[in-house]
Amino acid sequence: MPRRLLSWAGWVAAFAALTTSAWGHGDEARDQPPPVKADFTPPVPGTYTLHPIMRAPSGLVVGLDGRARPLAELTTGKITLLSFVYTRCRDAWGCPLAYRVFDAVGTAIERSPTLRSRVRLVTLSFDPRHDTPAVMRQYAGEQSTRGLDWRFLTTPSEHALLPLLAGFGQDVRAPATGGPDEPGQLTHMLKVFLIDPRGVVREIYSTAYLYPEVVVADIETLRLEHPAPVGGAVRARPTR
Amino acid sequence: MRSHSIRGFLVALVVLALAWPAPALADETCNSPYMGNLIKAQEDYVYVWTLGMKGVGDGSDKLVTIDANPSSSRYGKVIHKVSVGGRGEAHHMGFTDDRRFLWAGGLDDSRIVVFDVGTDPARPRIVKRITDMPKRTGYVGPHTFYALPGRMLVQGLSNGKDKGGVTGMALYSNQGELVTTYAMPTTEGGDGYGYDIAINPRKNVLLTSSFTGWNNYMMELGKLVANPEAMKRFGSTMVIWDLKAFTPKKVLAVPGAPLEIRWSLKEGDNWAITATALTSKLWLVKPDANGEWQAKEVATIGDPAKIPLPVDISIRNDGTGLWVNTFMDGKTRYFDLSNPEQPRQTYEKVTGKQVNMISQSWDGTRVYISSSLLANWDKAGADNEQFVRAFKWDGKELTPAFEVDFNKEKLGRAHHMKFGSRAMKAAYPDAPLASVR
């Protein structure tokens, strides 16, 4: 069996363990259901094609240090997994699921010598009024310092956010009804974007197909496409 | 039927021992599993993709919006219509994954129109037209519009070279940019034909069915059934695809033109059902004891010798029942699917002189029926009723709720229906449209 396949078999085994373990992020997180485990074995990385879907849009974002920078700096140069969230989200199958899947994917990435330096996770808030850098720092917990390149971002304003939502095609809605027990609740379709080192979206996942082992297989597929790191940050071209 | 008697038509079919299928697809329980914002309460609107008729109104294909909320003062009335200009054999529609946009296609002109239904659900408006599908993909007749995350998978019915049934799927981004194409398999038993798409994400399975090409679906029905060679050119396969790799894994022999595909939505279920137009059968697709996907005939719809022509099906959200519309006899039938291996018809009612699409609300208590199959296949004269009829369903009887007469309203031929709701609004209203401009 080729070495690559052996490696892939290892991944599958690792995920079988991961998806049945508790997700280490505090009590609140453990109260939530774990990521859904795929009821199939994903195809071997590199045996299928992830077609370019669109160029990741650019715009200004703000990191935990409060400094504004172009998002393109964080969607190029590495394989990037990006998701929009808002910290007040209570839908277990929305933002908390994204957090868990990122946590699971991150754990797999950390354990992989070939992927550790090649992958970046980005959690980007679409609620800039509430989700300040300080709030995002609290939301990140220890994730931003665990040795994994996991960025927690917000935007300087709603004005700065809009082109990112439009460019990624991320919907955000305000519910027509909502009681006083639901202040600040928004509804959105959870989407996770897999972006190659050149800043091109190659896969989009939503709740119905958001399996950590599939995501890692896709990341590995992109790594095989780009055996050498893509140097430096590439300036993203406008969205098609 | 235009210049042919029904009897003559049926005799011709029996003699030829052939048949033909018909297009359809709809309702809240048949949407892509990737689609969010399912309407599980009262729908406010029914969008009807309507074929223009020469000399009727403006003669153009159009999207008609009907108020479907009983609490509204305009309940059962047409509240909006938007013409697309010209007649292109308007047929099916599909929402994007976020339900903000409704893609609608023409089987003749192969044009795709994208309507914004998110900004003001009561007043859809055109935001994009895709006119180069044949040139870019080689496929014509965009039929099924199936949401994937951030993308739309479009099933063609034909091809631009010979306009036969060999075709493929085109994958577009939600922004309307072509991503790639996938040819329907022509080896390992594949006939290359396409029709419907249905995905079971938990099993990584994409399932497709097969109909016929432009040469047939645009032909006058009388001429078609009188042409033995043309009548041979209908699909007889379904294909199991590896969803992630987008490669065909197994071709299933399902003779008689399998059309709409419905996966059971019940948690833990792992089967799909379809109806064959030519042979008037229900077929079940599920894995056998060894996990190998198989298709098998499980029920008969009406009397196949009379060619009832099943054209659309609608499954309950718990997988326990199935509506079946048959075009020729104008009947709406209900099958008990408690045991999907042995569906059992428990109800039938004549709901029109010709009926095609059937859509049910999420809870199954409201059922909508439309009349048109294809412009050249619809019946003629007094039999050419064109309508959307709404019914209430109490588990025992379909009771009329309202009707819109598309002839009287000078709208055209009523075909595909989708539901709309005013329940949600964009939190950042400036953002959504930019994604398709």
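Source: prediction; values computed, not measured.

Some remarks on unusual backbone geometry
Glycine aside, residues mostly have negative phi, and peptide bonds are mostly found in the trans state.
Residues and elements named next belong to chain B.
Item 1. Despite not being glycine, E89 has its phi angle at roughly 65 degrees, a positive value.
Item 2. Secondary-structure assignment places E89 in the loop between strand 3 (78-83) and strand 4 (90-95).
Item 3. Residue A257 is not a glycine yet carries a positive backbone phi of 65 degrees.
Item 4. Considering the arrangement of structural elements, one finds A257 in the loop between strand 15 (247-253) and strand 16 (258-263).

Overview of the sheet that holds strand 13 (residues 205-208) of chain B
Residue and element names in this part refer to chain B.
Item 1. Strands sit in the order 12-13-14-15 across an open sheet of 4 strands; the sheet is antiparallel. With partners counted over all chains shown, the strands left at the sheet margins are strand 12 (197-200) and strand 15, one partner each. Across the sheet, the axes of successive neighbouring strands diverge by a mean angle of 20 degrees, strand direction being ignored.
Item 2. Sheet topology places strand 13 next to strand 14 (residues 237-242); 4 bridges connect them, and they run antiparallel. Of the residues in strand 14, the one forming a bridge with V205 is D242.

Overview of the packing of helix 3 (residues 95-110) of chain A against helix 6 (residues 212-225) of chain A
Packed helix pairs are characterised by how far apart their axes lie and by the angle those axes make with each other.
Residue and element names in this part refer to chain A.
Item 1. Taken N-terminus to C-terminus, the directions of helix 3 and helix 6 make an angle of 50 degrees; their axes are 9 Å apart at the nearest point. Relative to helix 6, the element helix 3 lies oblique. In this structure, helix 3 crosses over helix 6, and the sense of that crossing is right-handed. Between helix 3 and helix 6, the residues in contact are V101, A104, V105 and A108 and P212, V215 and V216, respectively.
Item 2. When its residues are assigned to classes, the contact of helix 3 with helix 6 shows 7 nonpolar, no polar and no charged.

Things to note about the sheet that holds strand 28 (residues 413-420) of chain B
Sheet strands line up and pair through hydrogen bonds in the backbone, either parallel or antiparallel.
Residues and elements named next belong to chain B.
Item 1. On the basis of which strands lie adjacent, the open sheet formed by 4 strands has the order 3-2-1-28 and antiparallel pairing. The strands lining the two open edges of the sheet, one partner per strand, are strand 3 and strand 28. Taken pair by pair, the neighbouring strands of this sheet meet at an average axis angle of 20 degrees, ignoring direction.
Item 2. Sheet topology note: the strand 1 (residues 45-51)/strand 28 ladder contains 7 bridges and is antiparallel. If you follow T50 over to strand 28, its bridge partner there is A414.

Focus on the pairing of strand 16 of chain B
Residues and elements named next belong to chain B.
Item 1. Summarising burial for strand 16: 6 of the 6 residues are buried, a large majority.
Item 2. Pairing between strand 16 and strand 17 (residues 272-276): 4 bridges, direction antiparallel. Note on strand 17: the bridge partner recorded for R262 is I273.

Concerning the environment of L153(A)
Residues and elements named next belong to chain A.
Item 1. Tracing the backbone shows L153 in strand 6 (residues 150-153).
Item 2. Overall, L153 belongs to the buried group, with 23 C-beta atoms counted inside 10 Å.
Item 3. Each C-alpha atom of the pair L153 and R129 lies 13 Å from the other, and the pair is 24 residues apart in sequence.
Item 4. Not counting residues up to four positions away in its chain, the partners in contact with L153 are V61, V62, G63, V122, T123, L124 and S125.

Topic: helix 6 of chain A
Item 1. Under the 1.5 Å per step criterion, the end-to-end length of helix 6 of chain A is 20 Å for 14 residues, consistent within 8% with the ideal 20 Å.
Item 2. Among the residues making up helix 6 of chain A, those that are buried are P212(A), E213(A), V214(A), V215(A), V216(A), A217(A), D218(A), I219(A), E220(A), T221(A), L222(A) and R223(A).

Concerning the environment of P142(B)
Residues and elements named next belong to chain B.
Item 1. Within the secondary structure, P142 sits in strand 8 (residues 139-148).
Item 2. Taking C-alpha positions, P142 is 13 Å from S210, a pair spaced 68 residues apart along the chain.
Item 3. Once residues within four sequence positions are removed from consideration, P142 is found in contact with G105, S110, I112, M133, V154 and G156.

What counts, and where the lines are drawn
Residues numbered from 1 in each chain as written. Chains lettered and ligands numbered in written order. Predicted model: local features only at pLDDT ≥ 70, side-chain atom pairs only at ≥ 80, totals over all residues. Helix = DSSP H or I, 4+ residues; strand = E, 2+ residues; numbered from the N terminus. Pairing = 2+ DSSP bridges. Axes fitted to C-alpha atoms, helices over the stretch in contact; angles between N-to-C directions. Parallel < 35°, antiparallel > 145°, perpendicular 65-115°, else oblique. Left-handed = near helix turned anticlockwise from the far one by under 90°. Contact = placed C-beta atoms within 7 Å. Nonpolar A, V, L, I, M, F, W, Y, C, P; charged D, E, K, R; others polar. Buried ≥ 20, exposed ≤ 12 C-beta atoms within 10 Å, placed from the backbone. Expected span 1.5 Å × (residues − 1).

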